[in-house]
Amino acid sequence: MSGFCRPQAQRGPCPLALLLLLLLGPTSVLAISFHLPVNSRKCLREEIHKDLLVTGAYEITDQSGGAGGLRTHLKITDSAGHILYSKEDATKGKFAFTTEDYDMFEVCFESKGTGRIPDQLVILDMKHGVEAKNYEEIAKVEKLKPLEVELRRLEDLSESIVNDFAYMKKREEEMRDTNESTNTRVLYFSIFSMFCLIGLATWQVFYLRRFFKAKKLIE
């Protein structure tokens, strides 16, 4: 009997089968929804890796019936303040951009109006990396079969996982270097402090000796 693992010989689930199920299984992205009061501003932040496609869709439900001149503005910026997407009087739409560097990105909704107006319901659905790619469109353009599309998605997902591990390894190396540098500085500071204390103690001994000799308390 051939296969990835034999049920009779395994006490637990096969690791390779679990890995394939994890990679081949569907990835679900939950939309974020929240209420936005009038004349308020709410922002969402997320760290995203370099050279990743980011897509999103938003919908703002206006429950005021157009009263009070209620308008909602949408703006997406990076940590440097560069505007990646901006929409005045946003109600419903989509956006997409590609990150140039690993950074913290901010999505802000700002509501402006007058009078007592019910809160707006904001629904935001953001995807990045493999989740943001439209494989149905890729299949149509490149004329791929369903199995080839799934293999392409699996390849992209594997590459994404490898990149994540590479980034984690790089961060671990940077943190280790920082830790070693800090330990070296602490060691040098401790040695310097020790010599300072020894010098101070020596100076006190000689000073007190001269003082007592001047007072003729000791020979």
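Everything here concerns the structure above.
Structure report, in brief. Note that the structure is a prediction, hence the values are computed from the model and not measured. (Residues numbered from 1 in each chain as written. Predicted model: local features only at pLDDT ≥ 70, side-chain atom pairs only at ≥ 80, totals over all residues. Heavy atoms only, no water.)

## Description of the side chain of His73
Where we set the bar: For the purposes of this entry, the term helix denotes a DSSP run of H or I that reaches at least four residues, the term strand denotes a run of E that reaches at least two, and both are numbered from the N terminus. Polar contact criterion, stated in full: a pair of N or O atoms within 3.5 Å, where within protein one must be able to donate a hydrogen and the other to accept it, and residues adjacent in sequence count only if both atoms are side-chain atoms. Whether two residues are in contact is decided by their heavy atoms: any pair within 4.5 Å suffices.
Mapped onto the elements of the fold, His73 is located in strand β4 (residues 71–77). A distance of 2.8 Å separates the side chain of His73 from the side chain of Glu88, its partner in a polar contact. Separated by 3.3 Å, the side chain of His73 and the backbone nitrogen of Asp89 make a polar contact. Leaving out residues up to four positions away in the same chain, His73 has contacts with Lys87, Glu88, Asp89, Cys108, Phe109, Glu110 and Lys112.

## Observations concerning the pairing of strand β7 (residues 103–112)
A regular strand places its side chains so that they alternate between the two faces of the sheet. The condition is simple: Type-normalised accessible area, obtained with a 1.4 Å probe on protein chains alone, sets the label of each residue: buried when under 20%, exposed when over 50%, and partly exposed for intermediate values. At least two bridges found by DSSP between two strands is the condition for calling them paired.
Counting buried positions along β7 gives seven out of ten residues, so the element sits mostly inside the fold. Two elements, strand β2 (residues 41–48) and β7, share eight bridges in a ladder whose sense is antiparallel. Looking at the pairing, Glu47 lines up with Met104 of β7. Pairing geometry for β4 and β7, over seven bridges, is antiparallel. Residue pairing for β7: Thr72 is matched across the bridge by Ser111.

## Digging into the pattern of salt bridges
Put simply, the rule reads: By convention in these notes, a salt bridge is any Lys or Arg side-chain nitrogen within 4 Å of a carboxyl oxygen on Asp or Glu.
If you walk through the whole model with that rule in mind, you get six salt bridges. In this structure, Glu106 engages Arg45 in a salt bridge whose closest nitrogen and oxygen atoms are separated by 2.8 Å. Of the two residues, Glu106 sits in strand β7 while Arg45 sits in strand β2, which places them 61 residues apart along the sequence. Judged by its relative accessible area of 16%, Glu106 falls in the buried class. Residue class for Arg45 comes out exposed when judged on its relative accessible area of 61%. In this structure, Glu150 engages Arg153 in a salt bridge whose closest nitrogen and oxygen atoms are separated by 2.9 Å.

## Quick look at helix α3 (residues 146–214)
Think of an α-helix as turning once every 3.6 residues; residues three or four places apart then point the same way. Using the following cut-off: What a helix should span is 1.5 Å times the count of its residues minus one.
Helix length check: α3, at 69 residues, gives a terminal C-alpha distance of 101 Å against a target of 102 Å (1.5 Å per residue), a fit within 8%. Considered for burial, the residues of α3 that qualify are Val149, Arg153, Leu154, Asp156 and Leu157. Following α3 by one or two positions, Lys216 adopts a phi angle in the positive range, close to 60 degrees.

Shape is all these values report; function is a separate question.
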